[in-house]
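A closer look at the structure
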Amino acid sequence: MIPRSRRLWPVLIVLVLVAAALSVGIGTAAIPPGRVLAALAGHGDPIERAILVELRLPRAVLGLAVGAMLGLSGAALQGYLRNPLAEPSVLGASNGAALGAVIALYFGLAQWHPAALPAAAIAGALASLAVLALLAGRAESPLTLILAGIAVGTVSGAGISLALNLSPNPFAAMEIASWLLGSLEDRSFRHVALALPCIAAGVALLAFDGRALDALTLGEDGAAALGIDLARTRTRLLLGVAIGVGGAVAVSGAIGFVGLIVPHLLRPFTDRSPSALLWPSAAGGAALLTLADVAVRVIPATNELKLGVVTAFLGVPVFLLHLKRERRLW
Amino acid sequence: MVTIAADALAVTLGGRDVVAGVSVRIGAGLTGILGPNGAGKSTLVRALLGLVPSRGSVRVDDEPVAAMSRATLARRIAYLPQGQAVHWPVSAERLVMLGRLPHLGPLSHPGEADRAAVRRAMTVAEVDHLADRPATELSGGERARVLLARALAVEAPALIADEPLASLDPAHQIRGMEILRTQADAGATVLAVLHDLTLAARFCDRLLVMDGGRLVADGAPDAVLTPELLGAVYGITGWFGDDPRLVVPMHRLR
C-alpha cells in the first residue's frame, strides 16, 4: 500500500488546479469553457476577455496566493509555538494589518490612492510586529510570544472598534465593516502586484525553517543543542508572518480560520512533524481559499457573500470534527 | 575525545545564584553529577552547553563555547535534556532521526548513513519495537529510552545526559548505565546527572557533587560517597556495602 503521505501531494496538486480552473471559469457572467480558453489565449470576444483577464484572473491568483500564505503561516506558527491552535492572528499580525487598513478607510486615504489601503495594512502588520518584538523581549518561550501577540491583537481590535464607533456616518462604518469581512471581489492586477512580492517574501522566510521547527519538537534546549539558532529562527518567523500575512490581509481583508484548519486537516496525512506540513499547508490553503471564493460566487444571495464569512462557516465544522478525532487520539 | 572545561562558571536566574563559581575540567570517561533537588545540576550542564546566560568561561577543546556556532557544538556534544519534552505525535523513529539534524547539510535529506545511525541508536537503547509508535503515546519509561536513542543517534564524541534514568524500571536503569559506560569505554566524554547513588558508584569513573550551586566534591566514587558527604549534602544516613559496591539511602537526618 502506498503510504498516506505519498498520496497527499497528488491530491493537493489536483485540488489546487481544480480550484484555479473553477475560479477562472465561474462567475456572474456565464462563459463556456471553450470560450474561456480562447479568451485566455488572446482570441475571442473582447468583453469576455476583459472579464477573464481583468476580473477573474487576478481574483484567482490572489485567492491562491493569499490562501497559500495563510496556510503556510498557520503551519509554521503551529510548529514554532508547538501549539495546534496557533494561526496568524495569534501574533496579532492579522489584526495589526486590519487596523492599518481601517485607519486608511477612516481617514479617507483609501480614496486618495488605490495603493494607500494595502500599504497602510502592510505598515500596520509591521508596526504590530515591532510592538510584539518589544513586548516579548528576548525570551524564547512560546508563551511570552503568545501573550504579547494577544496584547497586540487586542489593542488593534480595540482600535478597529474605536474607528467603527467614531465613524462620521453609517456609510463609512459600513465600508469598514464590509472590508473587515474579507473579500476578493473586484481585485485587479494592481492588487496582485502589491500583494505578491510581500507574500513571496513571507513564503521565502517561512518555508525553509522546517528543520528548526522539527528540532523544536524536543523543546527549546533540545533544539538549541541540535544546532538550531533559535533567535534567528524566531526573527525569520516573525518577519515572514508580518510581511506575508500583512500583504495578504492588505488585499483580501481579514480572513480567518484558513491558517488554523488547513494544517489540522493535513496533519494526519503527514508524519506529523512540523516540517512535513509547511508546503502541503501552503497548497491546501491555496485550494481551500480559492474554492471558498468560488462558493461565494455560486451561493445565491442578495448581497454577494463575503469570503471571511464563508471560511468561518467552513472552518468551524471542520475544526469541531477534528477536535473530536484528536481528543480520542491524544 | 572532547574536553569540557569550566572556569569560575556562575549562573544567576531570577536574582538567585543557581550556579556559583564552578571550575571543573571534564574529559573522557563517565562522569556523574549528583546533588539534591535544586542544587544547580541541570543549570550547570545547560551552562556548559551555552544554553543559559552565564559568567565565567566554558571551553570545549580549548575553544570558548560562546565563540562556537550552535551547529559546531551540536556535532561535538549530544545533549539529552531533562523533562522528556515531545511536542508532536511523531513516530519514535522520526523522533530519533532528529538526532541526525546536526549532520545534515542545508536542504539535504537524511541518507543511508543517517538511517543506519538511527537503527544503531535504537538497537542500543532497545527501542526497535517502538519505531512506529507515536512518541506522545509511549509510557514515560519508553519515551525516556527513545529520547536516549535520539541523543545517541547524534554519534557525537561527547554526551551530556540530564537524568537519563528518570522513570526507567530497574532493568532499564541498569541498561541505561551500561549504555553510558559503553560510550565512555569507546573513548567518549560522558556527563550524566544522576540520583541513584549505587548506580552512580558502580558505573561512574568520577563523581561531581553539587550543593547550593557549588561544586562540593569531585573525585572517584569511593572517595566522594562517604557518610559525611551524604549527611552534609543530602541530610541522610546511608548503608554502604563493599562487594558489590552499594550506597543505600537509609534515614533522614534533618
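Reading guide: rules and limits
- Residues numbered from 1 in each chain as written.
- Chains lettered and ligands numbered in written order.
- Predicted model: local features only at pLDDT ≥ 70, side-chain atom pairs only at ≥ 80, totals over all residues.
- Helix = DSSP H or I, 4+ residues; strand = E, 2+ residues; numbered from the N terminus.
- Rg over C-alpha atoms; globule rule 2.2 N^0.38 Å.
- Buried ≥ 20, exposed ≤ 12 C-beta atoms within 10 Å, placed from the backbone.
- Contact = placed C-beta atoms within 7 Å.
- Nonpolar A, V, L, I, M, F, W, Y, C, P; charged D, E, K, R; others polar.
- Expected span 1.5 Å × (residues − 1).
- Arc of directions from axis to C-beta.

**Re the overall build of chain A**
Looking only at helices and strands, chain A features 15 helices and 0 strands. Expected size for 330 residues packed as a compact globule is a radius of gyration near 20 Å; at 20 Å, chain A falls within 12% of this value. By principal-axis analysis of the C-alpha atoms, chain A measures approximately 65 × 60 × 35 Å. Within chain A, the proportion of its 330 residues that are buried is 51%. Sequence-distant contacts in chain A: of pairs separated by 6 or more residues, those separated by 24 or more amount to 77%.

**Looking at the interface of chain B and chain A**
Between chain B and chain A, the residue contacts involve 20 residues of the former and 20 residues of the latter. Sort the elements by how many residues they give to the side of chain B that touches chain A and helix α2 (residues 70-76) of chain B lands first, with 3 residues. By residue class, the composition of the side of chain B that touches chain A is 14 nonpolar, 3 polar and 3 charged.

**Remarks on helix α6 (residues 170-185) of chain B**
A turn of α-helix holds 3.6 residues, and therefore any two residues three or four places apart point the same way. Residues and elements named next belong to chain B. Given a rise of 1.5 Å per residue, 16 residues ought to cover 22 Å, and the 22 Å separating the end C-alpha atoms of α6 matches this to within 8%. Residues of α6 that are buried: Gly-176, Met-177, Ile-179, Leu-180, Gln-183 and Ala-184. Viewed along the axis of α6, the buried residues span an arc of 150°, placing them on a single side of the element. Across from the buried face of α6, at angles greater than 90 degrees, the exposed residues are Pro-170, Ala-171 and Glu-178. Elements that come into contact with the buried residues of α6 comprise β3 (29-34), α4 (112-124), α5 (140-153), β7 (158-162), β8 (189-193) and α7 (197-203).

**Structural notes on the environment of Gly-79 of chain A**
Residues and elements named next belong to chain A. With respect to the secondary-structure elements, Gly-79 resides in helix α3 (residues 46-81). Classification of Gly-79 as buried rests on a count of 30 C-beta atoms within 10 Å. It is 17 Å that separates the C-alpha atoms of Gly-79 and Gly-244, two residues lying 165 residues apart in sequence.

**So, the environment of Ala-135 of chain B**
Residue and element names in this part refer to chain B. Secondary-structure assignment places Ala-135 in the loop between α4 and α5. On a C-alpha basis, the gap between Ala-135 and Pro-164 in space is 17 Å, while along the polypeptide they are 29 residues apart. Not counting residues within four places of it along the chain, the set of residues in contact with Ala-135 comprises Val-86, Pro-89, Val-90, Ser-91, Ala-92, Leu-95, Arg-143 and Val-146.

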